[in-house]
Amino acid sequence: MKQSLRTRLIMIFSGMLIATIAVICATNIFLLPGFYQNTKVSQMKTVYSRALSICDGVDWLSLDETKRDEIYDKLDILSSNTNVNIYIMQIEANSGSGDIVTLNYAYPANSDRLQEVTKDQLGKYVKAMYFGTELGDNCQKLSQENNCEVYKVYDNRIGSNYIELTGQMPDNYWIYLRTNYQSIHESTLVSNQFLMYVGVVVVIVGILIMFFVSNQYTKPILKLAKHAQKMQELNFSSRYQSNRADEIGVLGNSMNALSDKLEETISELKTANNELQLDLQRRSEQEKMRQEFLANVSHELKTPIALIQGYAEGLQENINDDEESRQFYCEVIIDEADKMNKMVKRLLSLNQLEFGNGQVHLEHFDLNGVLDSVVNASDILFRQQGVTLSYQRAEEPIMVWADEYMIEEVMTNYVSNALNHVKGEKKIEIKIARQGGVVRISVFNTGDPIPEEDIDKIWTKFYKVDKARTREYGGNGIGLSIVKAVMEAHNQKYGVINYDNGVEFWFELDIKSVD
């Protein structure tokens, strides 16, 4: 069963309190009696030494009344302050029948003040010392040193214990000390019972205090656990908020720093992983483009090379002797070689644009001049194909920022593409429209719309929507790829729009001044 830290702290604290109380009780039961007895013995020896000091050099037989009263007062004060009865006497022991012991009291002066039980006990001590008699089972010797002996005596008459000391003084005088020694066991039981009551109250109060104190530590730890769980879920927006300056506060700040570091590291890993995936994708696409490029170039060059080879072999073998046939053969060879040359040049130009090797030289020029040049150059083609051209030249100059040579290439490709695909009414429209800071140039031709699935593919090298028709007019699918590369190099928009009766290609150029 799972236990919370708070429960464990309360249990540990309660256990420590109970164990402390139990140790105190056990100490009272097993160690306190011995300690109490040793303390009493030590007290008796101290009183004995002080009494000897008071009586030092005193001649009890020649002592005058004033001196006697002074000594008695000192002994009375010592007896009262230490709760020890003090007796000083001269002992005469006569061996014989009954082993008679005579006690001549020096202090107190009146022997009647000495209780009969005390007299009997003291007689036993004297007989034991002088005649070697037994003290009895109720008498236990505790200590013997410095001419004194200490006993623990049980008084059968009143059922009480006493600590007694007998010690020898000069001139055969003896000192006898006696103090009550109540049974410590009863006191221990009372003390332990009281301690149990107090302990129960202390444990209850301690548990309540520990409950509230533990909240000050368990709550922030639970917050840290939730914070760590959110970090585990890769949610690094969570923060541990605390103004604590203790170890928990340090841990919280460390976890916040760890969260920031993990977020930064994971972000870097994701970025690197994304770049790696893009790089792999680019490499895959480049490899695919390379293979397609080789296949397409091989396909496009195969036909003219075969024609050139066939007609060249015909000339070599003099298949036709007449001048007109040889001239035709030569013209075919020249025409196919010219097509190959143009295709190679366009491929080289496209390659430079796609790989950033072709520099874009921005110039501020009039777009009308470029459009006029392209239209005039294609005029003979319009007439040959019976195409109706709609082109309204702008009255004012259209100053644009672009590479004039590249824009002329784009316009030439658009017009050439329109001528190759014009059908039906055979109309081609060239329009110019200003839109904010740009000008849009569009070339529309009547004919078949481009299939929707091919719209995004027409800008790819060598892609042909109608391969038969493309072969018919000698196209190789590079023109629109050049348009795409040029416009992307200019960071300008371009595109195509399908209509019911034809197709419109367009591109935009910047007419604002450069910053």
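Owing to the predicted nature of the structure, the values given are computational and were not obtained by experimental measurement. (Residues numbered from 1 in each chain as written. Predicted model: local features only at pLDDT ≥ 70, side-chain atom pairs only at ≥ 80, totals over all residues. Heavy atoms only, no water.)

## Thoughts on a negative patch on the surface
So, step 1. A cluster of acidic residues, D64, E65, D69, D73 and D76, forms a negative patch on the protein surface.
So, step 2. Within the secondary structure, D69 is located in helix α3 (residues 65-82).
So, step 3. For D69, a relative accessible area of 38% puts it in the partly exposed group. (Patch = residues over 30% accessible without salt bridge, like charges linked within 9 Å, V, L, I, M, F, W, Y side chains within 5 Å. Areas by Shrake-Rupley, 256 points an atom, 1.4 Å probe, with all protein chains shown as cover. Salt bridge = Lys/Arg side-chain N within 4 Å of Asp/Glu carboxyl O. Lys, Arg positive; Asp, Glu negative; His and termini not counted. Charge placed at Lys NZ, Arg CZ, Asp CG, Glu CD. Helix = DSSP H or I, 4+ residues; strand = E, 2+ residues; numbered from the N terminus. Buried < 20%, exposed > 50% of the residue type's maximum accessible area, 1.4 Å probe, protein only.)

## Points about the packing of helix α9 (residues 404-421) against helix α11 (residues 479-489)
So, step 1. Here α9 crosses α11 at 145 degrees, and the two axes come no closer than 9 Å. Where α9 crosses over α11, the handedness of that crossing is left-handed. Residue-level contacts link M406, E409, V410, N413 and Y414 of α9 to G479, L480, I482, V483, V486 and M487 of α11.
So, step 2. Here the residues of the contact of α9 with α11 are counted per class, giving eight nonpolar, two polar and one charged. (Axes fitted to C-alpha atoms, helices over the stretch in contact; angles between N-to-C directions. Left-handed = near helix turned anticlockwise from the far one by under 90°. Contact = heavy atoms within 4.5 Å. Nonpolar A, V, L, I, M, F, W, Y, C, P; charged D, E, K, R; others polar.)

## Some thoughts on helix α8 (residues 367-385)
So, step 1. With 19 residues, α8 extends 26 Å from end C-alpha to end C-alpha; this agrees with the ideal 27 Å at 1.5 Å per step.
So, step 2. The sharpest bend along α8 measures roughly 45 degrees and falls at S378.
So, step 3. Along α8, the positions that sit buried rather than exposed are L367, N368, V370, L371, D372, V374, V375, S378 and F382.
So, step 4. In this structure D366 caps α8, since a side-chain oxygen of it lies 3.1 Å from the backbone nitrogen of N368. (Expected span 1.5 Å × (residues − 1). Bend = angle between axes of the 7 residues up to and from the residue. Polar contact = N/O pair within 3.5 Å; in protein donor to acceptor, adjacent residues only side chain to side chain.)

## Section: the packing of aromatic side chains
So, step 1. Scanning all chains against the criterion turns up six aromatic pairs.
So, step 2. Judged by centre distance (4.9 Å) and plane angle (80 degrees), the ring pair of W459 and Y494 falls under edge-to-face. Of this pair, W459 sits in the loop between β11 (438-446) and α10 (467-473) while Y494 sits in strand β12 (residues 494-499); the two residues are 35 residues apart in sequence, bridging distant segments of the chain.
So, step 3. Taking the relative accessible area as the measure of exposure, W459 reaches 11% and is therefore buried.
So, step 4. We classify Y494 as partly exposed; its relative accessible area is 21%. (Phe/Tyr/Trp six-rings, centres within 6.5 Å; stacked < 30°, edge-to-face > 60°.)

## Side note on the nonpolar core
Side chains that are nonpolar tend, in soluble globular proteins, to be buried together.
So, step 1. Grouped together as the largest cluster of nonpolar side chains are 41 residues, with contacts concentrated most on L367, M411, Y414, F505, F507 and L509.
So, step 2. Mapped by element, the contributors of at least two residues to this core are α8, β9 (399-402), α9, β10 (427-435), β11, α11 and β13 (502-510).
So, step 3. No other element matches α9, which puts eight residues into this core.
So, step 4. Leaving out residues up to four positions away in the same chain, F507 has contacts with I407, V410, M411, Y414, V439, R440, I441, M487, K493 and Y494. (Core = buried A, V, L, I, M, F, W, Y, C linked by side-chain atoms within 4.5 Å.)

## What to know about α9
So, step 1. Its 18 residues place the ends of α9 26 Å apart at the C-alpha level, agreeing with the 26 Å of an ideal helix rising 1.5 Å per residue.
So, step 2. Burial in α9 covers these residues: M406, I407, V410, M411, N413, Y414, V415, N417, A418, L419 and N420.
So, step 3. Between the side-chain oxygen at the start of α9 and the backbone nitrogen of Y405 there is a gap of 3.2 Å, and the oxygen is on D403.

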